[in-house]
Amino acid sequence: MESQTTVPDTPGHQVEVDSLIVGTGPAGSSLACFLAYHGLKGLVVNSASSTADTPRAHITNMAALGPESECFRDIGLEEELMRVGHGGEAMQHTRWCYSMAGEEMARVYSWGSDPRRKGDYELASPCEPIDLPQTLLEPVLATHAAQKGFRIRFNTSFVSFARDVAGRIVSTLYDEVLQLHFTVRSKYLFGADGARSRIMKQLQVPMIAQPGKGVAINVLVRADLSNLITHRMGNLHFILQPDRPHPLFGWLCIARMVKPWHEWMFILFPHQQARGEGPSEEEYAKHVGALIGDPSIDVKVLGISPWNINEIVAENYSSGNVMFSFFRYCLGDAVHRHPPMNGLGSNTCIQDAYNLAWKIAYVEKGLADPSLLESYSIERQPVGLSIVTRANEAFGHQMKVWESLDLLTADPEDRNKGMQELGLSTPAGAARRKAFQAAIKMTRHEFHGLGIEMDQHYLQGAIYRDDEPPSATQNVSPNASARVLEYAPSTIPGRRLPHVWLNVPCPEANVSTHDLAGKGAFCLFTGPGGENWKGAAAKVSSKYSVPINAFSIGYRQDWEDVYMEWSRVRGVEESGCVLVRPDRFVAWRSNELLANEEACEQKLGMVMSFLLKR
């Protein structure tokens, strides 16, 4: 149970805001951007002196920039983020090598660059994945939020919260510059304060936790590798040096591009026997130099950041009281913690924020009952559980690669023997190559996990499924491992709206279904014969004062199904309809037109009433 402490409603150093967001990471900053897009304002605080100074998360998949919620594309930030991020060849491969300058053992295509997978990625989204480190992402988001009305305060620590006599949340903060405490009175408190979240600790939310897998160390360095990378293109490089004495602080290593090709993160995995004081910067620099393998390249250590390899997810993401109108929500690393495999960390944080923002906005504008907010945890917690599980599965797959070469053994002779056997024309060599290649093949679930990126869907929450046949929802789970690699577009309620390119009879620039949906509004898609749905949408929109955009897709309709993809994925008859939420998830669908416009209006009105809890 959370603390029930209350504080008196007395004057003093108190600030009044609607929303207080604690944390300026991907979760907190993106939430501020999304709320600001809906015209809401508030305060964002962070105990640090600036946005992220280490590039922890870096892969921004299409679900964050584009389709899953079409998050940043929806609020007009996609182009700016694409300018500061890196895609294309910079993300072409993942490699296993002796050193950055040395021999290579294996490589795989990554992030949609495989010729056999490019079509899957292009069909799934109007966007491309990019490598966008937190050091570049967070300043863009924080600046945008500030320009749109949110106040951002650094050097400001969250201490605790309580409730005042009016039932509002009163948070105690500490200004580390002025060295004084002050309070913030708010309706909403958002905990985006990371893995050591004080808000989660005070809420005492139970955590689902598996045993940790140790510690890793991020060593950020400046080292110009541009002369090495031409034929070693990629943003992830697993460095395997079995014949070298392994320092306990750097038993294994992944080199990760931060800024092509002069800034890198060397992720070191210490031996379990590593104890005591950490090595000096000089020792880190020396070890990184050996991992690069070219003594002519200067290495300067910019930062050192240890982190825990966790498998933790909160049992629920929210706490509040609708009757007394106070709400607390947690998102991002505060509620799900896992290794960075599959690039799911910041992406899931951003999608948490996008899911929550439209619901907050609809409640604040009187378009929905506050009980709609209960769907946030119902929808996002199972997704959090699935990505925590998947990221740790992917970490296990990397362990299999290391195990296939005996790299985890302490004996350097055994480690070297495993690597040497790869080149032998002997039964032992053949067996070693088979095991190594099988382990490498399994990593495609990490580097081409299109399903886990794009097919995170909701089984319950703010969706209406009563009109669905039982077969539509059978054997569907957000954590189905078979769906890791492949994304199957669908309009089943709870799934993300499929991306399809559309045009007009006299062709102009293609437009995605995602560009028609979103923008803070519900969207209804129908086709030839479904005119009554459009009329019903206009009337229900007026009745509920809720924006509902309606479009007909098909031959000589509002939009032409130029590639005939919509007819393939829409899942209903031409005269049916698909209703999409503001976050581009399907809320409901009708297989065909009902008897008349009045019947369509009654049905659509009932569905909207259910969704908005009105």
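Located above this text is the structure these notes cover.
Treat the numbers as computed from the prediction; the structure is a model and nothing was measured.

Got a minute to help me understand the nonpolar core in this structure?
The tendency in soluble globular proteins is for nonpolar side chains to be buried as a group. If you look at the biggest cluster of nonpolar residues, it comprises 95 residues, and the most contacted ones within it are F190, F522, L579 and M608. Counting residues per element, this core draws most heavily on helix α10 (residues 345–364), at eleven residues. Contact partners of L579, with chain neighbours within four places excluded, come to F522, C523, L524, F585, V586, A587, W588, L604, V607, M608 and L611. Counting 32 residues, the second-largest nonpolar core is a separate cluster that includes V108, L220, V258 and F395.

Just checking my understanding: could you explain the packing of helix α17 (residues 531–544) against helix α19 (residues 597–612) for this structure?
Packed helices, taken two at a time, are described by the angle between their axes plus the distance between the axes. Contact geometry of α17 with α19 gives a least axis separation of 8 Å together with a crossing angle of 45 degrees. Accordingly, the angle class assigned to the pair α17 and α19 is oblique. For the element pair α17 and α19, the recorded crossing hand is right-handed. Contact with α17, carried on its side by N532, W533, G535, A536, A537, K539, V540 and Y544, involves E597, C600, E601, L604, G605, M608 and S609 of α19 and no other residues of that element. By residue class, the composition of the contact of α17 with α19 is eight nonpolar, four polar and three charged.

What is the right way to read the pattern of salt bridges from this model?
Pairs can form between side chains of opposite charge once their charged atoms are near each other. Tallied over the entire structure, the rule returns 30 salt bridges. The closest approach of N and O atoms between R432 and D406, which form a salt bridge, is 3.2 Å. Residue R432 is located in helix α13 (residues 427–442), and its partner D406 is located in the loop between α11 (375–404) and α12 (412–421); the two are separated by 26 residues in the primary sequence. R432 sits in the buried class, given a relative accessible area of 13%.

Before we go on, may I ask you to explain the sheet that holds strand β13 (residues 207–209) in this structure?
If you trace the three strands from one edge of the open sheet to the other, you get β13-β19-β22, paired in antiparallel fashion. Only two strands of the sheet have a single partner each, and these edge strands are β13 and β22 (336–337). Note: strand β19 (residues 312–314) against β22, two bridges, orientation antiparallel. Following the sheet pairing, V313 is matched in β22 by H336. Where α11 meets the sheet, it contacts β13, β19 and β22, and its direction lies at approximately 180 degrees from that of β19.

I'm lost on α13 in this one. Help?
Because the α-helix completes a turn every 3.6 residues, residues three or four places apart line up on one side. Taking 1.5 Å per residue, 16 residues should reach 22 Å; α13 reaches 23 Å between its end C-alpha atoms and fits that length. For α13, the set of buried residues is G429, R432, F436, A439 and I440. Down the axis of α13, the sector holding all buried residues measures 100 degrees, keeping them to one side. Exposed positions of α13 whose direction lies more than 90 degrees from the buried face are P427, K434, Q437 and K441. Turning to α13, the residues buried within the fold contact β5 (93–97), β6 (104–109), α11, α12 and α14 (444–447).

Would you explain unusual backbone geometry in this entry?
Most peptide bonds adopt trans geometry, and most residues besides glycine take a negative phi value. The residue after P260, namely W261, is reached through a cis peptide bond having omega -15 degrees. Relative to the assigned elements, W261 resides in the loop between β16 (252–259) and β17 (263–269). The phi dihedral of W111 is positive, around 55 degrees, even though this residue is not glycine. You can call W111 buried: its relative accessible area is 7%. Here R556, not a glycine, exhibits a phi torsion of approximately 60 degrees, which is positive. Tracing the chain through its elements places R556 in the loop between β26 (548–552) and α18 (566–569).

I would appreciate a short explanation of the pairing of strand β2 (residues 19–22) in the present structure.
The side-chain alternation of β2 yields two buried faces, one formed by S19 and I21 and the other by L20 and V22. Once you follow β2 into helix α1 (residues 26–37) and on to strand β3 (residues 42–45), the crossover reads as right-handed. As paired strands, β2 and strand β12 (residues 188–191) are joined by four bridges and run parallel to one another. Bridge pairing in β12 links S19 to Y188.

Please explain the sheet that holds strand β14 (residues 215–222) as it appears in this structure.
Each strand in a sheet pairs with another by means of backbone hydrogen bonds, the pair being arranged parallel or else antiparallel. Pairing within the open sheet is mixed, and its seven strands lie in the order β6-β5-β15-β16-β17-β14-β18. In the strand order of this sheet, the two ends are held by β6 and β18 (300–308), each with one partner. The mean angle between the axes of side-by-side strands here comes to 20 degrees, regardless of whether they run parallel or antiparallel. Pairing of β5 with strand β15 (residues 236–239), which is carried by four bridges, proceeds in the parallel orientation. For T94, the partnering residue across the bridge sits in β15 and is L236.

In this structure, what is going on with the pairing of β5? I would like to understand it.
On a regular strand, one side chain projects to one face of the sheet and the next to the other, so that they alternate. Extensive coverage of β5 is indicated by the burial of five of its five residues. Burial along β5 is two-sided: H93, R95 and C97 facing one way and T94 and W96 facing the other are all buried. Across five bridges, β5 lies against β6 in antiparallel orientation. Note on β6: the bridge partner recorded for H93 is Y109. The hairpin formed by β5 and β6 contains six residues between the paired strands.

Here is what the cut-offs are and how they apply
Residues numbered from 1 in each chain as written. Predicted model: local features only at pLDDT ≥ 70, side-chain atom pairs only at ≥ 80, totals over all residues. Heavy atoms only, no water. Core = buried A, V, L, I, M, F, W, Y, C linked by side-chain atoms within 4.5 Å. Buried < 20%, exposed > 50% of the residue type's maximum accessible area, 1.4 Å probe, protein only. Helix = DSSP H or I, 4+ residues; strand = E, 2+ residues; numbered from the N terminus. Contact = heavy atoms within 4.5 Å. Axes fitted to C-alpha atoms, helices over the stretch in contact; angles between N-to-C directions. Parallel < 35°, antiparallel > 145°, perpendicular 65-115°, else oblique. Left-handed = near helix turned anticlockwise from the far one by under 90°. Nonpolar A, V, L, I, M, F, W, Y, C, P; charged D, E, K, R; others polar. Salt bridge = Lys/Arg side-chain N within 4 Å of Asp/Glu carboxyl O. Pairing = 2+ DSSP bridges. Expected span 1.5 Å × (residues − 1). Arc of directions from axis to C-beta. Right-handed = clockwise from strand over helix to strand, strands pointing away.

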